[in-house]
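These are the residues of each chain, in order.
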Amino acid sequence: MTDVRYPPGCRVLSEDLGTDELIRRLKTLAHALQAMGQDEKHVHDYIQLALLLVDDYYLQHTSRDVQLLVACCIADILRVFAPEAPYKDQDQIKTIFMFFIKQLNGLKDAKDASFKRYFYLLENLAYVKSFNMCFEIEDCQKIFCQLFSTMFKIINDDHSTKVKNFMIDIMTPLITEADNLTTPALDLILINIVEPQKSSNKHAYQLAEQLIQKTSYALEPVIKMFFNQVLIMGKIDKNIAITSKIYDLIYELNQISPNLMCSVLPQLECKLKSTNDVERMKAVSLLAQMFSEKDSQLSKKHPALLRMLLGRFCDIAAAIRVKCVQSSMHFLLNHPHLRNDIIDCLRARQHDSDETVRYEVVMAIVATAKREFDIVCESEDLLHIVRERTLDKKFKIRKEAMNGLAFIYKKVKCEPNDLSEEVKESVGWIKNKILHGYYMPGIEDRLLVERLLITCLVPYKLPPDERMKMLYHLLGTLDDNAMKAFMEIQKNQMKTRKTVSDWVKMHHTKELTQKMQNQLNVKQAIICKLLPDPIKACEYIAKFSTNMRKDAILLRYMEIILKRDVSCKECADTMSLLLKKLGNPMATNLYYNTVKMLIERIASVMVDKESIGILISLIDQCMQRGKIVEEIGLPIDEAGERGLKFLCMLSYIFSAHFFTDETLQHMVALLSHEEDYAAPLILKALAHLGRYHPICDINPTILEALASICKDFALAGTVKQAKHAVRCIFVNSQTADGAGADTITPSTKTPIIHPIFNEIVETLRVTLSPKDPYQHTKISTLGHIAYHMPQAFLTPVKNMIARRVVKELLIQGVSEKRNCTLPEGNWCEKERLPADTLCKLDALKTMARWLIGLRSDEHAAQKTFRMLIAFVNQRGDLLEQNRLCPAEKSWLRLSAACAILKICEQKGVGDQYNAEQYYNLSQVMCDPVPEVREMFARKLHKGLGKGLPNKCLPLDFMGYYALVGHETDKRLCEVIRNYIEIDVNKRRDYLKTIATMNIFLATECRNDAQTAYILPDFMLAFAIPVIAHDPIFTDYQDRNQLKHVEKCLRFILEPLMAKREAFSYSFYTNLIQMIKNHQDTTPNAEDNSYNFKMYALCDLAFYIINSKIGDGSTSSNSFSVQIQLPEMYYKPSGKSGNNTKVYIPLDTYTLASTPISTVAKKIASTAASSTSLTMRLVGEKRPADHLPSNENSPTNAQDNNAPYEDNKVETNANSIAEPTTKRTRGNPLRTGKTVS
């Protein structure tokens, strides 16, 4: 040791020294070396000292302090000796730097007492770039790897910026000056910028980020080579951690240093073209994220790669298409120049076969709208995509599309914004589209539309004045179909509230008897059908019922919600309180969600008394063409009329909210407006209020003022004014315990006749004549008085009908010279008809109303039927003068035919037609004028579906549908086909409801004729004679004619056979055989021509059934009903045994390779083997009907197209109460004995 020279003031170091003394001497030496500069003259004198310090004794000393001081001394020696280090041996150099790295671990704890000395070591090594010495040794990369690993491990929150910078300074030269950075070293750096290391050690991430940014130029070729090996060549080293996170690494590197990836990204093209779905998915996920990010310039730098990425929107793998679609939102938000390309891609994917892709398309657009509303709002293409998806076959897609459109509408129309009027108008179609969703068959769609109506279209949380303006704008701008849907929503809510209200009232009984439980079960079954998944809902509705019995507060909440005059705020607040008592609002809480859906269906939060008053004021201002019209956003010429129309509708649904003196007086005051549309709509609204609560019981003064106005309308107003004036005064004159304003069936009590009617009738008696300028109005007034009060004015009305209507008008000839302009062509608008013809049309209606009011005058009915059918037979020209133009004739025969249908809806007078009249009327279905056919078919459909079983046309008239098989207009044919499907389904649903009620009530359904006459399948018994009497069908063996009549039979049979579960093969075979065993009742049919045509139709019907269903061997369905052929159309043949003869040419058809000659045998054998049906010909009057009306049933609630009906208050002085159900027409109620 004597050769070792020490700096001045330093003492000798030896292994014999104790640790403490060694530390003191090392400190002195460290200070001395620290003070030396690189220009020290005697620096080479300390070479031996330098060699001494790297002795294993000092490097491996047990004391941390000794090692740290030695490291500092060695670092200073390297600084002083730089650039020529005193160490030449490579192993020795490696040992020294590994020793340095070990000491740098001491930086981990910044609170350590020795931290300053560790920091000095770090600073020294960074300043001198000491680690550059390692480039001279072969194994330098191991040292660098160890250094990098240590640096990223020790970095933490306590380290200052200086510490981090010195670390960067140490590592940077090792990358920038290296000839080749090894993959393990690269791995140690890059692994810190990907998960999970990125999140678990954010300081290591920041250190790596800074290092990469500082050395990006040097790293670029290394990284390019690395990715080339992994991406292109597929060389993956499992020992390199970053190879498993290659796509995450590319993303992070692009975030840190985009230029670094310029040469790497094009290599991903091969991955986008890979046949491996997983690889393509990873590449697509990465590139979609990188290209779509905000401020990303990749789309401009790599256009070819972008085109290839967009091509993946059409990838064969659905998961990849989903990923592409999910990224589209970010493209739309962040890259305006790419929006057209992205929209094209979304347009292509909106019809994707995979529902998840379609769902994500909708979600992407909706999410874009929620973040940047203007992007979607200003793009018609994006809105069109969402619009189309509202008709998707999957409900979850329809739901999101509807929610998205509703959100956009609410943002534009209901919330303050700076959007232009043009943009606001461009989304006006959304409200129509949302309401069109109510036509979807699923109950979920209807619930969704109902919720969106009160949350988005007319948000219930808006103040009343704003809410009414929104409602006014909405209803004033809806299209016809949307308006019908809106009306249907309100009508269904009213019926649902009535059903639930009746159910809730049952919970007040103290003792729950078995009978009461059965009634509760029936109500609960009906309520469950109003919710999705009725089977599951039944359990939770029963639970809710039990809870209401136990909890009086819960029951009270339900009663408040169901109050007819509940305010919007009270209803909403009570709903919140009720729902809080049901538990946590979680998706798994099915009880909560089920009851919530029910409460939402019955919640009345759109209008109340306050808002109705505001609405009437708004309508008044619009009728006066005030500035409010522009604010509401309606055409100034239409705003008033539209407002009155939906006020009229609201008066029917929300009658209770109108009963304040201020509201009623304001409505009467509106009658002072001179517009023709005003009075009919206001009077109609007041009549609706009278149904709920007559005004005479509320404020007689208002009624008297109203009566005086209505008298003027009835005598000198328009036809519509007269009609509604009569009804308004009549309805509002009946006391609540009199005629029953809010009842479904007419009361049997004598109606109260307002004195004003005596004056009106007397004026009519004196003034009604062809020369009266108000003849048209007075005829209408006469008809409505005759309908509502026939017994009160029996004699004067009958005399006026006979003399003024029939003699002086209907059977009065037309002069040769007419002082009017006659319309050209076979058809015209009704308003263009001459005044005398218009009077005749209303005269025909007056005849029908008079008969319906009388109900039981059979003699008058028979005479009227003969006159009306004469109009039909004479093609509208009753006297055959040939002075009427074709359009007048068309309107007259149509009006006569519709009048017959109207009369036939009423029991008694409606049963007086005969078979010949029935067949003649059927020919209107084949009228040469298409408008006549269409309007008659519409009237027929309306009559058949008006309200089973009480107020509808009998099943006989469904037989008319068969003649539509001759229809040449495809559009009209489809319309009527839809009518048939609706009528068939309505009747089947009604029978199903009756069966359900019988099950719950534990009663047995009687097997009688009424069931058969509701069953739509029985229409075949009427269709066959209708076709047989069709003048077109003359020869039952003519093949061309058989083809035509086959089309007629198919037109009605195909809808009947559409649902296998509702079709009974045995029923049809028995019915067909029974028809073949009977004859036609036509008096002049002795030549059997009608019989043979009828039998041939039976053979054709059986052929059609077999061709569709087969031989029925697999069908187990049967109808347990009696088949009673109507005596009006059939009579026994008088022959014993079954008629098995085939009446069509034997070579006409083959049935499933079975000759037609075997058809009859099949029918006969099937009929003989069937015991489930009782068959007979019935002509006697059947007993009182047991089937209830479904007027308020949930199935009937969905069917009527009209929003509400003018439910006639038929309370005649000597009226006969309607039975529970109407008699079956054409047979059981007609006098006669049973024929077997």
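Residues numbered from 1 in each chain as written. Predicted model: local features only at pLDDT ≥ 70, side-chain atom pairs only at ≥ 80, totals over all residues. Heavy atoms only, no water.

1. Overview of the overall build of the protein
Part 1 of the argument: Within the protein, the secondary structure is distributed over 57 helices and 6 strands.
Part 2 of the argument: Residue burial in the protein is summarised as follows: out of 1236 residues, 57% are buried.
Part 3 of the argument: For the protein, contacts bridging at least 24 residues in sequence account for 76% of all contacts bridging at least 6.
Part 4 of the argument: Just so you have it, the protein exposes about 52,700 Å², and 50% of that area is on carbon and sulfur atoms. (Helix = DSSP H or I, 4+ residues; strand = E, 2+ residues; numbered from the N terminus. Buried < 20%, exposed > 50% of the residue type's maximum accessible area, 1.4 Å probe, protein only. Contact = heavy atoms within 4.5 Å. Areas by Shrake-Rupley, 256 points an atom, 1.4 Å probe, with all protein chains shown as cover.)

2. Let's talk about the packing of helix α20 (residues 355–371) against helix α22 (residues 380–389)
Part 1 of the argument: The contact between α20 and α22 brings their axes to 10 Å, and the two run at 135 degrees. Judged by the inter-axis angle, α20 sits oblique to α22. Crossing hand, α20 versus α22: left-handed. Residue-level contacts link Arg358, Val361, Val362 and Ile365 of α20 to Leu382, Ile385, Val386 and Arg389 of α22.
Part 2 of the argument: Split into classes, the residues belonging to the contact of α20 with α22 amount to 6 nonpolar, no polar and 2 charged. (Axes fitted to C-alpha atoms, helices over the stretch in contact; angles between N-to-C directions. Parallel < 35°, antiparallel > 145°, perpendicular 65-115°, else oblique. Left-handed = near helix turned anticlockwise from the far one by under 90°. Nonpolar A, V, L, I, M, F, W, Y, C, P; charged D, E, K, R; others polar.)

3. What to know about a positive patch on the surface
Part 1 of the argument: Together, Lys720, Lys723, Lys845 and Lys942 make up a positively charged patch on the protein surface.
Part 2 of the argument: With respect to the helices and strands, Lys723 occurs in helix α41 (residues 719–733). (Patch = residues over 30% accessible without salt bridge, like charges linked within 9 Å, V, L, I, M, F, W, Y side chains within 5 Å. Salt bridge = Lys/Arg side-chain N within 4 Å of Asp/Glu carboxyl O. Lys, Arg positive; Asp, Glu negative; His and termini not counted. Charge placed at Lys NZ, Arg CZ, Asp CG, Glu CD.)

4. Description of the pattern of salt bridges
Part 1 of the argument: Inspection of every chain in the model, using the stated rule, returns 54 salt bridges.
Part 2 of the argument: A salt bridge links Asp551 to Lys581; the nearest nitrogen and oxygen atoms lie 3.2 Å apart. Residue Asp551 is located in the loop between α30 (534–550) and α31 (552–562), and its partner Lys581 is located in the loop between α32 (568–580) and α33 (590–602); the two are separated by 30 residues in the primary sequence.
Part 3 of the argument: With a relative accessible area of 40%, Lys581 lands in the partly exposed category.
Part 4 of the argument: Measuring nitrogen to oxygen at the nearest pair gives 3.8 Å for the salt bridge that ties Glu934 to Arg938. On the criterion of helical spacing, the pair formed by Glu934 and Arg938 is a turn pair, its members being 4 residues apart in helix α49 (residues 930–944).
Part 5 of the argument: What makes Glu934 buried here is its relative accessible area of 19%.
Part 6 of the argument: On the accessibility criterion, Arg938 (40% relative accessible area) is partly exposed.

5. Quick word on the nonpolar core
Part 1 of the argument: Membership of the largest hydrophobic core comes to 426 residues, with the highest contact counts inside it found for Phe100, Phe131, Phe227, Phe957, Tyr961 and Leu1053.
Part 2 of the argument: Among the elements that make up this core, the one with the highest residue count is helix α4 (residues 64–81) (13 residues). (Core = buried A, V, L, I, M, F, W, Y, C linked by side-chain atoms within 4.5 Å.)

6. Digging into the environment of Lys946
Part 1 of the argument: By secondary structure assignment, the location of Lys946 is in the loop between α49 and α50 (970–1000).
Part 2 of the argument: Along the backbone, Lys946 and Glu905 are 41 residues apart, and their C-alpha atoms lie at a distance of 9.2 Å.
Part 3 of the argument: Looking at Lys946, its side chain comes within polar contact range of the side chain of Glu905, at 3.2 Å. (Polar contact = N/O pair within 3.5 Å; in protein donor to acceptor, adjacent residues only side chain to side chain.)

7. Quick word on empty space enclosed by the protein
Over the atoms rolls a probe the size of a water molecule, and in doing so it shows where empty space is left.
Part 1 of the argument: Following the criterion strictly, the structure yields 10 cavities of 30 Å³ or more and no others.
Part 2 of the argument: Every residue lining the largest cavity is counted, 14 residues in all, and those nearest its centre are Glu450, Ile454, Ile489, Gln493 and Ala603.
Part 3 of the argument: Contributions of two or more residues to the lining of the largest cavity are made by α26 (443–457), α28 (480–505) and α33.
Part 4 of the argument: Per-element tally for the lining of the largest cavity: the top contributor is α26, with 4 residues.
Part 5 of the argument: Its residues assigned to classes, the lining of the largest cavity shows 7 nonpolar, 3 polar and 4 charged. (1 Å grid on protein atoms, 1.4 Å probe; cavity = no way out; pocket = protein on both sides within 12 Å on 5 of 7 lines; lining within 4 Å. Points joined across faces, edges and corners; volume = space filled by probe spheres on them.)

8. Focus: the environment of Val731
Part 1 of the argument: Among the structural elements, Val731 can be located in helix α41.
Part 2 of the argument: Of the residues examined, Val731 reaches a relative accessible area of 2% and is grouped as buried.
Part 3 of the argument: The spacing of Val731 and Ile753 is 22 residues in sequence and 9.8 Å in space, taken between C-alpha atoms.

9. Quick look at α41
Part 1 of the argument: The terminal C-alpha atoms of α41, which comprises 15 residues, lie 22 Å apart, in line with the 21 Å expected from a rise of 1.5 Å per residue.
Part 2 of the argument: The element α41 is extensively covered by neighbouring structure, given that 12 of its 15 residues are classed as buried.
Part 3 of the argument: Regarding α41, the residues found buried are Gln721, Ala722, His724, Ala725, Val726, Arg727, Cys728, Ile729, Phe730, Val731, Asn732 and Ser733.
Part 4 of the argument: Considering only its buried residues, α41 is in contact with α38 (678–692), α39 (695–698), α40 (700–716), α42 (755–767) and α43 (775–788). (Expected span 1.5 Å × (residues − 1).)

10. Brief notes about the environment of Cys904
Part 1 of the argument: Counting through the fold element by element, Cys904 comes out in helix α47 (residues 886–904).
Part 2 of the argument: Here Cys904 falls in the buried class, since its relative accessible area comes to 0%.

11. Thoughts on unusual backbone geometry
Part 1 of the argument: Here the amide bond leading from Glu195 into Pro196 is cis, since omega sits at 5 degrees, within 30 degrees of zero.
Part 2 of the argument: Looking at the element boundaries, Pro196 is found in the loop between α9 (183–190) and α10 (197–200).
Part 3 of the argument: Of note in this structure, Glu880 is not a glycine but carries a positive phi near 55 degrees.
Part 4 of the argument: Tracing the backbone shows Glu880 in the loop between α46 (858–873) and α47.
Part 5 of the argument: Overall, the relative accessible area of 53% leaves Glu880 in the exposed class.
Part 6 of the argument: If you check the backbone angles, Asn882 has positive phi at about 60 degrees while not being a glycine.
Part 7 of the argument: In this fold, Asn882 is placed in the loop between α46 and α47.

12. Considerations on the packing of aromatic side chains
Part 1 of the argument: Applying the stated criterion across every chain yields a total of 27 aromatic pairs.
Part 2 of the argument: Between Trp827 and Trp891, the aromatic rings sit 4.4 Å apart at their centres with planes inclined by 20 degrees, giving stacked as the arrangement. Taken together, the positions of Trp827 in the loop between α44 (794–810) and α45 (835–854) and Trp891 in helix α47 put the pair 64 residues apart, joining distant regions of the chain. Trp891 matches Trp827 in its accessibility class, with the two residues each being buried. (Phe/Tyr/Trp six-rings, centres within 6.5 Å; stacked < 30°, edge-to-face > 60°.)

13. Concerning helix α7 (residues 140–154)
Part 1 of the argument: Between its first and last C-alpha atoms α7 spans 21 Å; for 15 residues at 1.5 Å apiece the expected length is 21 Å, and the two agree.
Part 2 of the argument: Regarding α7, the residues found buried are Cys140, Gln141, Ile143, Phe144, Cys145, Leu147, Phe148, Ser149, Thr150, Met151, Phe152 and Ile154.
Part 3 of the argument: On the buried face of α7, the contacting elements are α5 (90–104), α6 (115–128), α8 (161–176), α9 and α11 (202–214).

14. Remarks on a negative patch on the surface
Part 1 of the argument: Residues Glu15, Asp16, Asp55 and Asp56 make up a contiguous surface patch of negative charge.
Part 2 of the argument: Its location among the elements puts Asp55 in the loop between α2 (47–53) and α3 (56–59).

15. Quick look at the side chain of Arg321
Part 1 of the argument: When you line up the elements, Arg321 lands in helix α18 (residues 318–334).
Part 2 of the argument: Taking relative accessible area as the criterion, Arg321 reaches 9% and is therefore assigned buried.
Part 3 of the argument: Here the side chain of Arg321 touches Asp315 through a polar contact of 2.8 Å, landing on its backbone oxygen.
Part 4 of the argument: When sequence neighbours within four positions are dropped, the list of residues in contact with Arg321 reads Arg312, Phe313, Cys314, Asp315, Ile316, Arg349, Asp352, Ser353, Asp354 and Val357.

16. Focus on the state of the cysteines
Part 1 of the argument: On inspection of all chains with the given rule, the structure shows 0 disulfides.
Part 2 of the argument: A disulfide-free cysteine, Cys324 has its sulfur positioned 8.2 Å from the sulfur of Cys345, the nearest such atom.
Part 3 of the argument: Judged by its relative accessible area of 1%, Cys324 is buried.
Part 4 of the argument: The thiol of Cys528 is unpaired, and the distance to the nearest cysteine sulfur, on Cys538, comes to 4.3 Å.
Part 5 of the argument: Classification of Cys528 as buried rests on a relative accessible area of 2%. (Disulfide = S-S within 2.5 Å.)

17. Some words on the packing of helix α1 (residues 19–35) against α4
Part 1 of the argument: The contact between α1 and α4 brings their axes to 9 Å, and the two run at 25 degrees. With respect to α4, the axis of α1 lies roughly parallel. Like other packed secondary-structure pairs, α1 and α4 cross with a definite hand, here left-handed. Within the contact between the two elements, α1 uses Thr19, Leu22, Ile23, Leu26, Lys27, Leu29, Ala30, Leu33 and Gln34 and α4 uses Asp65, Val66, Leu69, Val70, Cys73, Asp76, Ile77, Arg79 and Val80.
Part 2 of the argument: Each residue belonging to the contact of α1 with α4 can be placed in one class, and the counts come to 12 nonpolar, 2 polar and 4 charged.

18. Some details on the confidence of the model for the protein
Part 1 of the argument: Averaged over all residues, the pLDDT of the protein is 84; the fraction at 70 or higher stands at 89%.
Part 2 of the argument: Considering only residues more than four positions removed or in separate chains, one finds that residues 738–748, a stretch of pLDDT under 50, has 26 contacts.
Part 3 of the argument: Here residues 1150–1155 scores under 50 on pLDDT; set against residues more than four positions off or in separate chains, the count is 6 contacts. (pLDDT = per-residue confidence, 0-100.)

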